[in-house]
Amino acid sequence: MNNRYLTPLTVLSVVWLSACTPTRVGDQVALNSPASWQHAPDPQTAETVDLKIWWQGFNDPLLNELIDQALAANHDLKIAAARVREANAMVTVAEAALYPSLDFSLAGGREKRIDRIVGVPSGQGIQLITPTADAVSGGLAARWEIDVFGGRHLEAEAAAAQAEGSREGLHAAQVGLLAQVATNYLELRGVQQRTGILQSNIALQRERLRTLQVFVKAGLANEADVARQQTLLQGTEATLPQLVNAGQKLIHRLGVLQGEPPESLEQRLTVTGPLPKQAPTMPKLLPADLLAQRPDLRLAQTEVSAAAASLGAARADLYPKLVLSASGGVGALAVGGFPSLGESVYALGSGLSAPIFNAGRIRAHIAAADARLDQVAANFEKTFLLALEDVENAFVTHRAATDSLGQLTTAEASAEKAYRLVDALYQRGAGDYLAVLDAQRSKLAVSDERAKAETAAGVAMVSLYRAFGGGWTIASSDRGIDKASIR
C-alpha cells in the first residue's frame with residue numbers, strides 16, 4: 001500500500017476503536033452490616049482511643065520497649081515489607097506495557113559463502129572467486145500497542161490492587177504482631193504473679209505439715225491427718241514446675257518476636273514484674289468502621305478490585321489489537337575488494353489483529369476470571385462476617401473476664417478479712433493455729449484465681465483492640481479505599 005494512504009488509515013482506525021467502551025467490571029460488593037454492636041458496653045462509658053498506640057494504655061514502659069523492638073526487627077514484618085517491594089515492582093512492569101518500547105540493535109560480521117561466486121577479470125581471463133563480505137548494521141526499533149479497549153490499563157490496575165493488598169498484608173502482620181507481644185507479656189506477668197502466690201502456698205502447707213507432725217507427737221492429731229497434708233503439699237509442689245515452664249516458654253516466644261534468639265530476654269524478664277493495669281478505655285467504632293480499620297478487610301477489598309480488573313482485561317482479549325511500529329538505522333556492506341556500500345533504512349507500519357479461532361481459550365480465560373471474582377467477593381463477605389464475630393466475641397470475653405475479676409477481687413477481700421479475724425482469735429488464745437493456716441491457704445487460693453482473672457481481662461482487652469484492627473494508622477490517601485456497599 002502506498003505510504004500516503006497508510007497514515008490516514010491508521011488515524012481513522014485509532015479514532016474508530018477509541019470510540020468503543022472499555023471492558024471495565026464493577027468491583028463493589030454489598031455487605032449487610034448491623035447498625036451497632038450487640039454486646040458492646042454502654043456507649044456512654046466508651047472513650048476515644050488512639051488505636052495506633054493502644055498498648056500504651058497499659059502504662060508499662062517495658063511493654064512499650066518490647067513492642068518498639070518488635071516493630072523494628074520482627075522477621076514477619078520484614079517478609080511482609082519485602083512482599084510490598086516486590087508488588088510495587090510488578091506494578092511498574094504492568095504499567096510499562098502502556099508505553100512504547102524502544103530497542104537499540106547493532107550487528108556485524110564477516111562471511112564467505114560458496115553460493116556467492118563472482119567472476120573477476122584477470123590476465124588469464126575471468127577468474128571465479130568467493131569473496132569475503134563484511135556487513136555492519138545498527139538502528140532503533142519502536143513498537144507501541146495502543147490500549148484501545150483498556151486491557152493493558154486494567155492489567156495495570158490489577159497489579160496496583162495487588163500491591164495495595166500487599167501493603168494491607170503488612171498492616172495485618174503488624175496488628176497481629178502487636179497483639180502477640182502484648183498477650184505474651186501479660187500472660188508472662190500473670191504466670192509470674194501466680195508463681196509467687198504458689199510459692200507462698202507451698203511454704204504455708206509445709207508449715208501446716210510441720211504443725212501436724214508436732215500435734216501427732218503431742219497426741220492432738222493422727223497419722224492420717226499428716227498423710228493427707230503430705231499429699232496436698234506434694235500435689236501443690238507438682239504445679240510449680242508447670243508454671244515455671246510456661247513462663248520460660250513465654251519468654252522464648254517474646255524473644256523470637258523481637259527478632260532475637262529465644263533466650264535473649266531471659267535475664268531481663270525472669271525478674272518478676274507487676275501485671276500491667278489497663279486503663280478503662282473502649283474504642284468507639286461502629287461495625288461499618290471495620291471496613292476502613294481492619295487490614296484483613298482492606299486486603300479482601302483489594303482482592304476484589306484486582307479480580308474485577310483481571311476480568312476486564314480478559315474480556316479485552318476478545319477485541320482487536322492495534323500495534324504501531326517504526327524502525328530506522330544505517331547499514332554498510334563491503335564485499336572483497338569492491339567499494340563499501342552504505343545506506344540508511346527506515347520502516348513505518350501498523351498492524352491490526354483480532355481473534356477468530358482459538359479453541360475457546362479466551363472464553364475459558366474469561367470464565368476463569370469471572371469465577372475468581374465470585375470467589376474473592378464471597379471471601380470478602382465472609383471476612384466481614386468473621387470480623388463482626390471477632391469483635392462480638394471479644395466484647396463477650398472481656399465482659400466475662402471483667403465480671404469474674406470483680407467478683408474474685410471481692411472474694412479476695414473477704415478471704416483476707418476472714419484470715420485476719422481467725423488470726424486475731426488465735427492471738428487471743430481463742431482459736432486454733434491450724435485454722436489460721438487454713439484461712440491463709442484459702443486466701444491464697446482466691447488470690448491465684450484473681451490473678452488468672454486479671455490476666456484474662458488484660459488479654460481480652462488486647463483481643464478487642466486486635467479485633468478492631470488497632471496498631472497502624474490510616475493514611476489520608478487510603479481513606480477512599482472502601483468500595484463496599486453497606487446495606
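None of the values given here were measured: they were computed from a predicted structure. Residue numbers run consecutively from 1 along every chain, following the written order of its sequence. Only residues with pLDDT of at least 70 are given local features in this predicted model, and only at 80 or more are side-chain atom pairs given and counted; all residues enter the totals for whole chains, interfaces and linings. Calculated side-chain values reflect all of the structure's heavy atoms, with hydrogen atoms and water omitted.

Visitor: Quick one: what's the story with the overall build of the protein, residue by residue and with numbers?
Guide: Only runs of H or I of at least four residues qualify as helices and only runs of E of at least two qualify as strands under DSSP, and these elements are numbered from the N terminus. A tally of regular secondary structure across the protein gives ten helices and eight strands. The buried label applies to any residue whose accessible area, calculated with a 1.4 Å probe on protein chains only, is under 20% of its type's maximum; exposed applies above 50%, and partly exposed to all values in between. In the protein, which comprises 487 residues, the share counted as buried stands at 37%. Taking as baseline every contact in the protein between residues at least 6 positions apart, the subset at least 24 positions apart corresponds to 83%. As presented, the protein carries roughly 27100 Å² of accessible surface, and 57% of it is formed by carbon and sulfur atoms. Contacts: residue pairs with any heavy atoms within 4.5 Å of one another. Per-residue and other accessible areas follow the Shrake-Rupley method at a 1.4 Å probe size, with only the shown protein chains counted as cover for residues.

Visitor: Tell me what's going on with the packing of aromatic side chains, and back it up with residues and numbers.
Guide: Stacked, tilted and edge-to-face are the three classes assigned to paired rings of Phe, Tyr and Trp, where Trp is represented by its six-membered ring and a pair needs centres within 6.5 Å; plane angles under 30 degrees give stacked, over 60 edge-to-face, the rest tilted. Counting across every chain of the model gives six aromatic pairs. Consider the rings of Trp-37 and Phe-468, whose centres lie 5.9 Å apart with planes at 80°: the pair is edge-to-face. With Trp-37 in the loop between strand S1 (30-31) and helix H2 (61-73) and Phe-468 in the loop between helix H10 (433-467) and strand S8 (485-486), this residue pair connects regions lying 431 residues apart in the sequence. Among the residues examined, Phe-468 registers a relative accessible area of 0% and is labelled buried. Among the aromatic side chains, those forming a connected cluster through ring pairs are Trp-37, Phe-395 and Phe-468.

Visitor: Which residues make up the pattern of salt bridges, and what values do they have?
Guide: Salt bridge, as used here: a side-chain nitrogen of Lys or Arg that lies within 4 Å of a carboxyl oxygen of Asp or Glu. Taken as a whole and assessed by the stated rule, the structure comprises 22 salt bridges. Across the pair Glu-145 and Arg-152 runs a salt bridge, and its minimum N-O distance is 3.2 Å. Notably, a salt bridge pairs Asp-448 with Arg-194, separated by 2.8 Å at the nearest N-O pair. With a gap of 254 residues between them, Asp-448 in helix H10 and Arg-194 in helix H4 (residues 151-218) connect regions that are remote in the sequence. Since its relative accessible area comes to 16%, Asp-448 is described here as buried.

Visitor: Requested: an account of helix H3 (residues 75-96), with residues and values cited.
Guide: How far a helix is expected to stretch is found by multiplying one less than its residue total by 1.5 Å. Helix length check: H3 (22 residues) gives 32 Å between terminal C-alpha atoms against 32 Å at 1.5 Å per residue, within 8%. Those residues of H3 not exposed but buried are Leu-77, Ala-80, Val-84, Ala-87, Val-91 and Ala-94. When H3 is viewed along its axis, its buried side chains cluster within an angular range of 90° and face the same direction. Turned more than 90 degrees from where H3 packs its buried face, Arg-85, Glu-86 and Thr-92 sit exposed. Each element contacted by the buried residues of H3 is listed here: H2 and H4. Any pair of nitrogen or oxygen atoms within 3.5 Å is treated as a polar contact; in protein, a donor-acceptor pairing is required on top of that, and neighbouring residues in sequence qualify only through side-chain atoms on both sides. The backbone nitrogen of Asp-76 has a side-chain oxygen 2.9 Å away, supplied by the residue at the start of H3, namely Asn-74. What the arc describes is the spread of directions from the helix axis to the C-beta atoms.

Visitor: Would you mind going over the environment of Gly-329 in detail, with residue names and values included?
Guide: Looking at where Gly-329 falls in the secondary structure, it is placed in strand S6 (residues 321-335). Distance from Gly-329 to Gly-138, taken between C-alpha atoms, is 5.5 Å for residues 191 residues apart in sequence. Contacts of Gly-329, omitting those with residues within four sequence positions, involve Gly-138, Gly-139, Glu-343, Ser-344 and Val-345.

Visitor: Explain the nonpolar core residue by residue, including any values.
Guide: By nonpolar core we mean a set of buried residues, namely Ala, Val, Leu, Ile, Met, Phe, Trp, Tyr and Cys, connected to one another through side-chain atoms within 4.5 Å. Core analysis: the largest hydrophobic core is formed by 77 residues, its most contacted members being Trp-54, Val-181, Leu-269, Leu-290, Leu-373, Phe-380 and Phe-468. Of all elements in the fold, only H2, H4, helix H5 (223-257), helix H7 (290-293), helix H8 (295-316), helix H9 (361-427) and H10 reach the threshold of two or more residues within this core. By residue number, the principal contributor to this core is H4, which donates 16 residues. Non-local contacts of Phe-468, meaning those with residues more than four positions away in its chain, are made with Trp-37, Leu-51, Pro-283, Leu-285, Leu-290, Gln-293, Arg-294, Val-391 and Phe-395.

Visitor: Go over unusual backbone geometry with me, naming the residues and quoting the values.
Guide: The residue Asn-59 is not glycine, and still its phi comes out positive at about 55°. By the secondary structure assignment, Asn-59 is in the loop between S1 and H2. The residue Ala-359 is not glycine, and still its phi comes out positive at about 60°. Turning to its location among the elements, Ala-359 is positioned in the loop between strand S7 (341-353) and H9.

Visitor: Explain the confidence of the model for the protein to me, using residue names and the numbers behind them.
Guide: Residue-level confidence of the predictor is what pLDDT reports, using numbers from 0 through 100. The predicted model of the protein has a mean per-residue pLDDT of 84, with 85% of residues at 70 or higher. Of all the helices and strands in the protein, helix H1 (residues 3-18) carries the lowest mean pLDDT, 46, while H2 carries the highest, 94. Note on residues 1-21: pLDDT under 50 across the span, and 15 contacts to partners over four residues away in sequence or across chains.

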